[in-house]
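Listed here are the chains, written in short residue letters.
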Amino acid sequence: MDIYPFFRYSTTLGQTLFQQWLAMGDRNLTLTPNQEIILSALRLRRRYGLEIIEAIENSGGKQIGFNSLYPNLKKLEQKGFITSEWGDESPEEHTGARRKYYRITGIGIQALDTKRQQLEDVAHWNPELKGV
Amino acid sequence: METKNTELASRVAKFVNRFPDEWQDYQDWLRTIVSSQSWLQERYPAWQATLIFRWRLVYFVVYVASGIFFGRLRRKFQQTVDSVATRTQYRYSLQRIATLLAVVELTLCGIAALTGVMLAFYYQPTALGAHTSLKMIVDRVANGALIMSLHDVAGNGLILFSLIQIIVMFLGREFLLSWFIAWVSGISLTLTAMALSWTAIVLTWEQTGFWRFKIELNILGSLPLVGPILRDILSGGSGISSFTLQHMYMVHSYVLAIAAILISIAHLTALVLHEHHRQSDNPLPIELTDA
């Protein structure tokens, strides 16, 4: 007698309930400082790699290393905070490489807002008066 | 210098182009490096701009190459793990090991039962007679020490092998009723073997066993609702006495020992049936059936 269907049903049900429970909790919206500045550069418009670096440099704030840009963009894409799309420009003449544009997603905006809210909460926190 | 840099970049592009997936993922990075060349020349002296440009190219190549290497390694590993033939062989081996372990368990149960019966010929389950009778078995009965040791080794071995069996069965799990029965009986056998060991603590009537039993009986007695009743039933009164010995002896020899033999027979039968079912229902790979 094959009991796999019963087992499968119970584990699928368990998985669904577990996933729902996870979705009810906080999604992992943590950002590193570099990821935060990259996401901020994409907040209002889609940009390509060099444009992101220029936007960050011209803002006068925190700078990021050239070599750390793309690894961070990949991580953000994997987390679902940004999406990428090919540009309409023709490929670069020597290498044949195409340009990619990055766009922030709803979850990315949520992550940025969470980070800013956290900074606000830190600024407004007051110690409780004890024994006064 | 600029031409040399561009040539270098096109060589890198040719290299990465050999790996279509990585090229799709990283070509815009290379384009950004090439595009940044004119921007670097505006800002820095020529030698410095070249140095920075080449450093970026080197970093790009190392990053992408390591991605290619580890990606392929991961895929290769995954393919090996997912391979149906490998999985079948792996499961089959574990199921054979489980059957062999069940044979070992039944043998150990048999040895423990046989030596237990031999010990019961002379053992007296009373406070005054327990220790003396065991000493007499060791000193005077022919091969008494051997029988005692065998009983001890078989009991402890049963616990050890039934624990190993749980791990083996977990790894070779199968969604069939026969395997499920073997799994439940395997766990029951482990619990029974532990219970056999626990009920034997006080039977030797020695200091260590006596005090250990006293402590564990008190722990048992602190269970909510059923604790005190259970303690009284097991000990046969408020303290540890001859009644306790008789109760433990009865539970050890008649209830748990018989249960362990029956469970280990059921366990082995379920595993043998499972193997039979699996061989008839799901033929094994040729190399295994040939072997």
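Residues numbered from 1 in each chain as written. Chains lettered and ligands numbered in written order. Predicted model: local features only at pLDDT ≥ 70, side-chain atom pairs only at ≥ 80, totals over all residues. Heavy atoms only, no water.

Draft legend 1. A look at the overall build of chain A. Looking only at helices and strands, chain A features five helices and three strands. Going from N to C terminus, chain A has its helices and strands arranged as α-α-β-α-α-β-β-α. Taking all 132 residues of chain A together, 33% fall into the buried category. In chain A, 58% of the contacts between residues at least 6 apart in sequence involve partners at least 24 apart. For chain A, the accessible area works out to roughly 8800 Å², and carbon and sulfur atoms hold 55% of it. (Helix = DSSP H or I, 4+ residues; strand = E, 2+ residues; numbered from the N terminus. Buried < 20%, exposed > 50% of the residue type's maximum accessible area, 1.4 Å probe, protein only. Contact = heavy atoms within 4.5 Å. Areas by Shrake-Rupley, 256 points an atom, 1.4 Å probe, with all protein chains shown as cover.)

Draft legend 2. Region of interest: the overall build of chain B. Assigned secondary structure in chain B consists of eleven helices and zero strands. Along chain B, helices and strands appear, N-terminal first, in the series α-α-α-α-α-α-α-α-α-α-α. In chain B, which comprises 291 residues, the share counted as buried stands at 36%. Within chain B, contacts between residues at least 6 apart in sequence are counted, and of these 71% link residues at least 24 apart.

Draft legend 3. Spatial organisation of the interface of chain A and chain B. Facing 27 residues of chain A, the contacting portion of chain B comprises 28 residues. Interface area, chain A with chain B, both sides summed: about 2600 Å², of which 64% is carbon and sulfur. Residue Glu57 of chain A is joined to Arg43 of chain B by a salt bridge in which the shortest nitrogen-to-oxygen separation is 3.2 Å. The set of elements that each furnish at least two residues to the side of chain A that touches chain B consists of α1 (4-24), α3 (49-59), α4 (66-79) and β3 (100-104) of chain A. (Buried area = accessible area lost by both parts, 1.4 Å probe. Salt bridge = Lys/Arg side-chain N within 4 Å of Asp/Glu carboxyl O.)

Draft legend 4. Just the sheet that holds strand β2 (residues 82-86) of chain A, in detail. Residues and elements named next belong to chain A. With antiparallel pairing, three strands are arranged side by side in an open sheet as β1-β3-β2. With one partner strand each, in any of the chains shown, β1 (47-48) and β2 form the two edges of the open sheet. Bridge count for β1 against β3 is two bridges, and the pairing is antiparallel. What sits directly across from Tyr48, in β3, is Tyr101. (Pairing = 2+ DSSP bridges.)

Draft legend 5. Summary view of the confidence of the model for chain B. Residue and element names in this part refer to chain B. Of all residues in chain B, 95% have pLDDT values of 70 or greater, and the mean over the chain is 88. The element-level mean pLDDT for chain B is lowest in helix α11 (residues 286-290), coming to 46, with helix α6 (residues 144-171) highest at 95. Considering only residues more than four positions removed or in separate chains, one finds that residues 286-291, a stretch of pLDDT under 50, has four contacts. The ipTM assigned to the predicted complex is 0.74, against a pTM of 0.51. (pLDDT = per-residue confidence, 0-100.)

Draft legend 6. A look at unusual backbone geometry. Residues and elements named next belong to chain B. Even without glycine at this site, Asn143 takes up a positive phi of about 60 degrees. Note that Asn143 resides in the loop between α5 (130-139) and α6. Residues other than glycine seldom take positive phi values, yet Leu225 does so here, at roughly 65 degrees. Among the structural elements, Leu225 can be located in the loop between α8 (207-221) and α9 (227-235). Overall, the relative accessible area of 80% leaves Leu225 in the exposed class.

Draft legend 7. Helix α5 (residues 106-124) of chain A, seen in detail. Residue and element names in this part refer to chain A. Its 19 residues give α5 an end-to-end C-alpha distance of 27 Å, which sits within 8% of 27 Å, the value for a rise of 1.5 Å per residue. Listed in full, the buried residues belonging to α5 are Gly108, Ala111 and Leu112. Viewed along the axis of α5, the buried residues span an arc of 95 degrees, placing them on a single side of the element. Turned more than 90 degrees from where α5 packs its buried face, Gly106 and His124 sit exposed. (Expected span 1.5 Å × (residues − 1). Arc of directions from axis to C-beta.)

Draft legend 8. Layout of the layout of surface pockets. Considering only enclosed or pocket space, the largest pocket measures out at about 1200 Å³ in volume. Lining the largest pocket are 39 residues, with Leu119, His151, Ala200, Leu203 and His252 of chain B positioned closest to its centre. Of all the secondary-structure elements, those providing two or more residues to the lining of the largest pocket are α4 (84-120), α5, α6, α7 (177-199), α8 and α10 (242-281) of chain B. Residue contributions to the lining of the largest pocket peak at nine residues, all from α6 of chain B. Of the residues in the lining of the largest pocket, the class split is 23 nonpolar, twelve polar and four charged. If you add up the space inside the second largest pocket, you get close to 320 Å³. Taken together, 14 residues line the second largest pocket, and the ones lying closest to its centre are Gln78 of chain A together with Asp25, Tyr26, Gly67 and Arg74 of chain B. Sorting the residues of the lining of the second largest pocket by element identifies α4 of chain A together with α2 (20-43) and α3 (46-82) of chain B as the ones contributing at least two each. Looking at the lining of the second largest pocket element by element, the count peaks at six residues for α3 of chain B. Looking at the lining of the second largest pocket, its residues break down into three nonpolar, four polar and seven charged. (1 Å grid on protein atoms, 1.4 Å probe; cavity = no way out; pocket = protein on both sides within 12 Å on 5 of 7 lines; lining within 4 Å. Points joined across faces, edges and corners; volume = space filled by probe spheres on them. Nonpolar A, V, L, I, M, F, W, Y, C, P; charged D, E, K, R; others polar.)

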